Each structure stands twice: as structure tokens, then as C-alpha cells.
Amino acid sequence: MIKTTKKISKERALEIYKSLLLPRQIEERMLNLLRQNKISKWFSGIGQEAVAVGVTLSSHKEDYILPMHRNLGVFTTRKVPFYPLFCQLFGKADGFSGGRERSFHFGSLEHNIVGMISHLAAMMPVADGLALAKKIKKENAVAFSFCGDGATSEGDFHEALNLAAVWRLPVVFIIENNGYGLSTPTNEQFACENLSDRAKGYGIKGFHIDGNNVIEVMETVEKARKLALKGESVLIEAKTFRMRGHEESSGTHYIPDLLFKDWAKKDPILRFEKFLEEEGFLNKKEQEKILEEIKASFKEDLDKALISKEPSFDRKKELGAVYAPAPTKLPSTENGQKVEKRFIDAIQSGLKQAFEEDDSTIILGQDIAEYGGVFKVTEGFLNQFGADRVRNTPIIESGALGAALGLCYAGMVPVVEMQFSDFISCGFNQIVNNIAKSHYRWSPAVNMTIRAPHGGGVGAGPFHSQSPEGWFMQIPGLKVVVPATVEDAQNLLYSSILDPNPVLFFEHKKLYRSIRDDVAEKAVYEPLGKAKVKKAGSDATIVTYGMGVWWALETAEELAKEGISLEVVDLRTLLPLDLETIKTSVAKTHRVLLLQEPSLTMGPMAEISALISEHCFEKLDAPVIRCGALDMPIPFNKALEDEFLKRNVFEERIRELLEY
Ligand SMILES: Cc1ncc(C[n+]2csc(CCOP(=O)(O)OP(=O)(O)O)c2C)c(N)n1
């Protein structure tokens, strides 16, 4: 039985009814098209419509909604236009992602909808970031984040709820508990009685509701929204049932028939029809008329979308969409005055300058506020820029990166500090799937910089010494920057923050306080992706980056005493790679040694070696030689670590190269 706590007008009741009918009718049509092989995949939300529709009806248009794969009702209730929506569902050129993405894997910021990626729960921290942006801008709006019962076991669920609670964010998390995660029933997914009970553990409010009662959903969401706006994040568990298979080809044999019979009686539309009849708002004739109206409302757009054009592959356009265009030149701010800075001071000044120039910059990280970060890069930032923009996070790499993506969608410019680059592995999915692919898939620029102190030689053992930059070179959509000099530390960090793409900025820990130089007081923007010849030479080229630059320069100086002339190329940016500078140098010296700090196998130099053999084969007088650390974890003890880094064989390999 459906009851309302407040009197509801006939007009509002019929609006709710039509909102429920619309996604059901569209789905019925989709299921037909699936049977005719006109669409390839469909994740049905039949039986669960009251949750998506109820949440959206009780949301305000300035609230963000982050729907999942069964939430067609969010899009229809937010009145996303039918034609591009259907084109999107059919993978057509006129869809929101132009055929780049499937089904609901897209967003429309015009409608304040931020769509999902396949990785369940990955969008939940993104909701935190969106909510944080609303809170900072004092815009009195919330983010509604959907997930299924299955997704609640994922780390991002926990990190997102915890972050929202700690930062008192206006977020309402909605779990659609439909009894199964694919084929696995809830009793094999979690052991608590109700998922909403988990709210208490995070220090937030939890509601357990009947998700097939649209009025209960709406009234709970209204209540939750008010709480969220007061800084009390909310977790709603809406109990419902998936009346079809996980997706249409997966069947339902693993679900007892009895459950279907029971839940059919609780169908959200049938129940609401009954309520309307009891209230005297609807009779059979009106019902039939409404149904026909609903079917007619989308028919034309759907038929048009079915025969609309397929996307055609335009190589330049597709590859061009991977990155947002970076500014090619900005006015120089160089003041001419030189001051002595250490590597760490240069990083601090590049960062500070970006913060002074743009109020939408914000930094998230562990211990970065009062404490100033473990390496003290952000010392004094809290006082200068305030608590809204300089934020300690709990120990949540994935959560912080996801939140940063949400900030980007809301037009802010986040910098995320990884305490040590080793811990970036905990945020891997957010970086390589959510952040890197976002712009190509559907979104505006993702202007994010991830700072990561990397590198060994500091006696810090296997988990505080790694150089994981090579992991990210395979991911289109990211930029990977590794400065070696004080000047580059300052300018390239500043430029990374100005670049409207996600940039991973690796800072060598050992360089922080060991090198100093006279550099301009102010950072200067330069487009990322340019290598530099650090030392000209004629006998052989050493291509390297980061700490390797210093090893190469030292060795080049030593060997110069014997009359050996080495050219040293500092890559500075690993992605995109400056192949031209490498090619020019190889064409000049005809011999090349590739030097990297991390383990040799599949490191950055593996790629560069392949490129050189492909592009410079005829210029080479000797095989390309790679030098890197041994293929083993980084040992703690200094004597062991020195052997691991293999610096001592570097000179030998150069001699081999020259003697070949
Ligand atoms: C990280 C991750 N692991 C596995 C999958 C494969 N997968 C897709 S949907 C699904 C079940 C999801 O269950 P639930 O979160 O309850 O949502 P529902 O499909 O029931 O709406 C699984 C296992 C995935 N998409 N992402």
C-alpha cells in the first residue's frame, strides 16, 4: 500500500505516474529491438524504476546525479532530449559520446548528469568532488550517487562514504539493493543485515526504504537532501528487485521463480496505479490514454535514431579527442630576477604561483594542510590559501583522485599529492580508467595534476623508492612529466597545472634537497612534450630523464677527461614523447644508450628503444643499449640498493657502446 505523508495533488501524482511509465515503455521497446538484433546489449531496470525516477523527481535541477547501468529513469525524468539519448544507446554518431561509449557511460553537464564507467563504485568518489565544488562555491546543491548492492563491497564505496562524512559533503548515496550482483545473491556479497546499517560506521545517516514505493523514495530523498545541505551526507538503501537478467543474454536461471512471483506483485508501476485509482486520480480510460501518449512521445525520435548515421572513423578527429588542446603560449611572466632555489623550493614556487593566479586551483593530499606534506612542499599553503583549497584527505588515494575528477567536472583545477609515488597503485583504476579516458569518452577537459614523489637511492626500501612513471606511458589521455633540474621543476609543474589534461608529475625525492640553481623568481609556462639537449656531444647520445640526467652528466664529465664526447638528452616529458629531439641526436652521434632508474624490463626505455630501431635504424653504428635497475624489488640496505640501481655498470656499458 502506498501512503503519502503530505497531500499530493492530482497533477503531481500524474506527473509521477508518467515519469514511471516512460522508462518502462522505452525499455519494452528496447527489449523488442534486442530480439530483432538491432541493439547489442541491454541492462534492464524493469521493476526498479521507482528508485531512479523518485530520486530524480525529488532532486533539484542544479543537483548532480550519477546514475548507473539500470537508471534510464534518471535520464528520462531529467528530460534529456530523446533523439541524442537514443543515438547514444544505439552507439550512433549523434549520441552524446558520438559512438565512443556504450549505453549510459556518458554524462551531460548541461543536465548535471555525470555518467558511469564500467568499474562499479568508481563514480562514488567523483560524486564527492562534485559535491565539494558545490559546497565551496556555496551553490546549495547536492550530488546523488547511485550504486548497486554488489558495488558496495568495492573500496571506492568505502572511500567515498568516508570522505563525504569527514568533509561533511552534500552527497546522498543511493544503493539499489536488487538482490543480486550479476548471479551472486546478497548473502554471498555481504554479511550485515542491511547495507544502510553501514552508515553508522561512517558517522552519517542511513535510511532503509521500500524502493518499489515511489512516494517513499521521493519523501526520503527530500529529507536526505535537506540533511546533505546541512553537511550531513546520507546513505539510502532502497530495497527493490531486478525483474530480468543481469543483462538480456545472461538469463535468470539462478533466481528462484517464487521471487519473481512475489516481486511482480510489488511492481512499482502497478502499485502506483493502484494508489492513483484509490485517490480517484485515474480510471481505466485515462490510464489507456496516458499509456498511448507516453508511447507516442518518444516513438518518432527513437525511429529516427535507429536509422541515423553511424560514426565514421576519422583518425585525426579521434586521436585529436584524446587530449584537450593545451595553450601553445601564454604571456611570459618572467621577471628577469634570478634567485637561488633548491629543487623542492622550485616545486613549491611553481605550485604557489598557479594557486595565486587562479582561485579555482585546489590541492588534496595526505598531511598536506597544517603539516605541509611529508616533504613540506605545501608548507604555509593552508594559511595563504585557506582550508577550502588546501585539504587533508583521509588515507584514500583512489577516493582523492576520484574526488579530483569530480572537481574537474565542476570546473575546478585540482592538484593531488601522492604522499609517495609507490601509493599511486592504490589509485590506479581512477587514473587509468576514469581520469585518463574521460575527455575522449564524453567530457570536457580534465585539468588535473597528480604530484608523485618517486625514486630510489634514499634507503627507503621496496615501498618508498619506486619509479612507476613507465606504468602510465601506455595510457592515452595522460601526460607524464619528470623534471630533472630546478628550472624544470618550477616551470613544468606550473605548466602541468595550466595544461587542461591529467598530468602525472613525478618529483625525485633525492633531488628535493640535493640540487640548487639560480632560476627566475616566477615560473614560465611552456607546452609539455619537449625534450632538451642538456649537454652537446658527438661520440654517443645518452637519452634519459629524472635522476638519470644527473648520472649521465656526471659520467659525461668524467669521460670527457679521456676525450670522449657524450650528448645528454633529457626527455623531461615521457608522454607525449619528443621523438624528434631523440632522432636528431641519434642522427648526429650514431650511437645511443638509454638510461632509466626503474627496472629494465618494460620500462620507459623499452618503448624508446623500439622507436629508435623503427625510425633511426640507418643512422645507427651500434645496437641500442639500455641501462636500468635490475628486475627485482628495491632492497632497503644501501649496499644492496646500490647494486640494484646498477649505476656502477653504466660507465662500462658506455664503453661497450663506443667500442662496438
Ligand atoms: C570492478 C568491476 N568488477 C566486475 C564488474 C562486472 N560486473 C558488471 S555489473 C556486475 C554486477 C553488479 O551488481 P550490482 O552492483 O549489485 O548492480 P546491479 O547490476 O545489480 O544493478 C558485475 C560483477 C564490473 N563492471 N566492475
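Model, not experiment: these values are computed from the prediction.

**Here we look at the side chain of Thr544**
Piece 1. Residue position: Thr544 is located in strand 17 (residues 540–544).
Piece 2. Within the structure, the side chain of Thr544 is placed 2.8 Å from the backbone oxygen of Leu595, a separation counted as a polar contact.
Piece 3. Not counting residues up to four positions away in its chain, the partners in contact with Thr544 are Val549, Ala552, Val568, Val569, Asp570, Leu571, Leu595 and Met605.

**Side note on the sheet that holds strand 10 (residues 390–392)**
Piece 1. The seven strands are arranged 10-9-11-12-14-13-19 in an open sheet whose pairing can be described as mixed. Looking at which strands have only one partner, the edges of the open sheet turn out to be strand 10 and strand 19 (573–575). With direction set aside, neighbouring strand axes in the sheet form an average angle of 20°.
Piece 2. Where strand 9 (residues 361–365) meets strand 11 (residues 413–417), five bridges bridge the pair, whose relative direction is parallel. When the bridges of strand 11 are listed, Thr361 appears paired with Val413.
Piece 3. Packed onto the sheet, helix 13 (residues 343–357) meets strand 9, strand 11, strand 12 (449–454) and strand 14 (503–508) and runs at close to 135° relative to strand 9.

**As for the confidence of the model for the protein**
Piece 1. Averaged over every residue, the pLDDT of the protein is 96; the share at 70 or more is 99%.
Piece 2. The secondary-structure element of the protein with the lowest mean pLDDT is helix 23 (residues 647–659), recorded at 88, while strand 11 shows the highest, at 99.

**What to know about the site of the ligand**
Piece 1. Neighbouring the ligand are 15 residues; His69, Arg70, Ser118, Gly150 and Tyr180 lie closest to it.
Piece 2. At 2.8 Å from an oxygen atom of the ligand is found a side-chain nitrogen or oxygen belonging to His69.
Piece 3. Between the ligand and the protein, one listed contact pairs an oxygen atom with a side-chain N or O atom of Asn178 at 3.0 Å.
Piece 4. Surface burial for the ligand is 71%, taken as the share of its 580 Å² of free accessible area covered by protein chains.
Piece 5. Here the ligand occupies the largest pocket.
Piece 6. Residues of the shell around the ligand, tallied by class, amount to four nonpolar, eight polar and three charged.

**Looking at the environment of Phe75**
Piece 1. Inspection of the secondary structure assignment puts Phe75 in helix 3 (residues 72–77).
Piece 2. Phe75 gets classed as buried once you look at its relative accessible area, which sits at 1%.
Piece 3. Considering only alpha carbons, one finds Phe75 and Asp257, 182 residues apart in sequence, at a separation of 31 Å.
Piece 4. Not counting residues within four places of it along the chain, the set of residues in contact with Phe75 comprises Pro67, Val80, Leu85, Phe104, Phe106 and Ile113.

**Notes on the layout of surface pockets**
Piece 1. By volume, the largest pocket is sized at about 370 Å³.
Piece 2. In terms of lining, the largest pocket is formed by 23 residues, of which the most central are Met68, His69, Arg70, Leu120 and His246.
Piece 3. Secondary structure elements with two or more residues in the lining of the largest pocket: strand 2 (143–148) and strand 4 (180–181).
Piece 4. In terms of residue class, the lining of the largest pocket is built from eight nonpolar, eleven polar and four charged.

**Side note on the side chain of Gln48**
Piece 1. Mapped onto the secondary structure, Gln48 falls in the loop between helix 1 (10–35) and helix 2 (49–58).
Piece 2. A distance of 3.0 Å separates a polar atom in the side chain of Gln48 from a polar atom in the side chain of Glu176.
Piece 3. Setting aside its immediate chain neighbours within four residues, Gln48 contacts Arg70, Glu176, Asn178, Thr240, Phe241 and Arg242.

**Concerning the packing of aromatic side chains**
Piece 1. The full count for this structure, using the stated rule, is 23 aromatic pairs.
Piece 2. With 5.9 Å between their ring centres and 55° between their planes, Tyr180 and Tyr254 make a pair best called tilted. Residue Tyr180 is found in strand 4, and its partner Tyr254 is found in the loop between strand 7 (234–239) and helix 9 (257–265); the two are separated by 74 residues along the sequence. Comparing Tyr180 with Tyr254 shows no difference in burial state: the two are buried.
Piece 3. Measuring from centroid to centroid gives 6.4 Å for Phe472 and Phe506, while their planes differ by 35°, and the two rings are tilted. Taken together, the positions of Phe472 in the loop between strand 12 and strand 13 (479–481) and Phe506 in strand 14 put the pair 34 residues apart, joining distant regions of the chain.
Piece 4. Overall, Phe472 belongs to the buried group, its relative accessible area being 0%.

About the cut-offs
- Residues numbered from 1 in each chain as written.
- Predicted model: local features only at pLDDT ≥ 70, side-chain atom pairs only at ≥ 80, totals over all residues.
- Heavy atoms only, no water.
- Helix = DSSP H or I, 4+ residues; strand = E, 2+ residues; numbered from the N terminus.
- Polar contact = N/O pair within 3.5 Å; in protein donor to acceptor, adjacent residues only side chain to side chain.
- Contact = heavy atoms within 4.5 Å.
- Pairing = 2+ DSSP bridges.
- Axes fitted to C-alpha atoms, helices over the stretch in contact; angles between N-to-C directions.
- pLDDT = per-residue confidence, 0-100.
- Near = heavy atom within 4 Å.
- Areas by Shrake-Rupley, 256 points an atom, 1.4 Å probe, with all protein chains shown as cover.
- 1 Å grid on protein atoms, 1.4 Å probe; cavity = no way out; pocket = protein on both sides within 12 Å on 5 of 7 lines; lining within 4 Å.
- Sits in = over half its atoms within 2 Å of the grid points.
- Nonpolar A, V, L, I, M, F, W, Y, C, P; charged D, E, K, R; others polar.
- Buried < 20%, exposed > 50% of the residue type's maximum accessible area, 1.4 Å probe, protein only.
- Points joined across faces, edges and corners; volume = space filled by probe spheres on them.
- Phe/Tyr/Trp six-rings, centres within 6.5 Å; stacked < 30°, edge-to-face > 60°.

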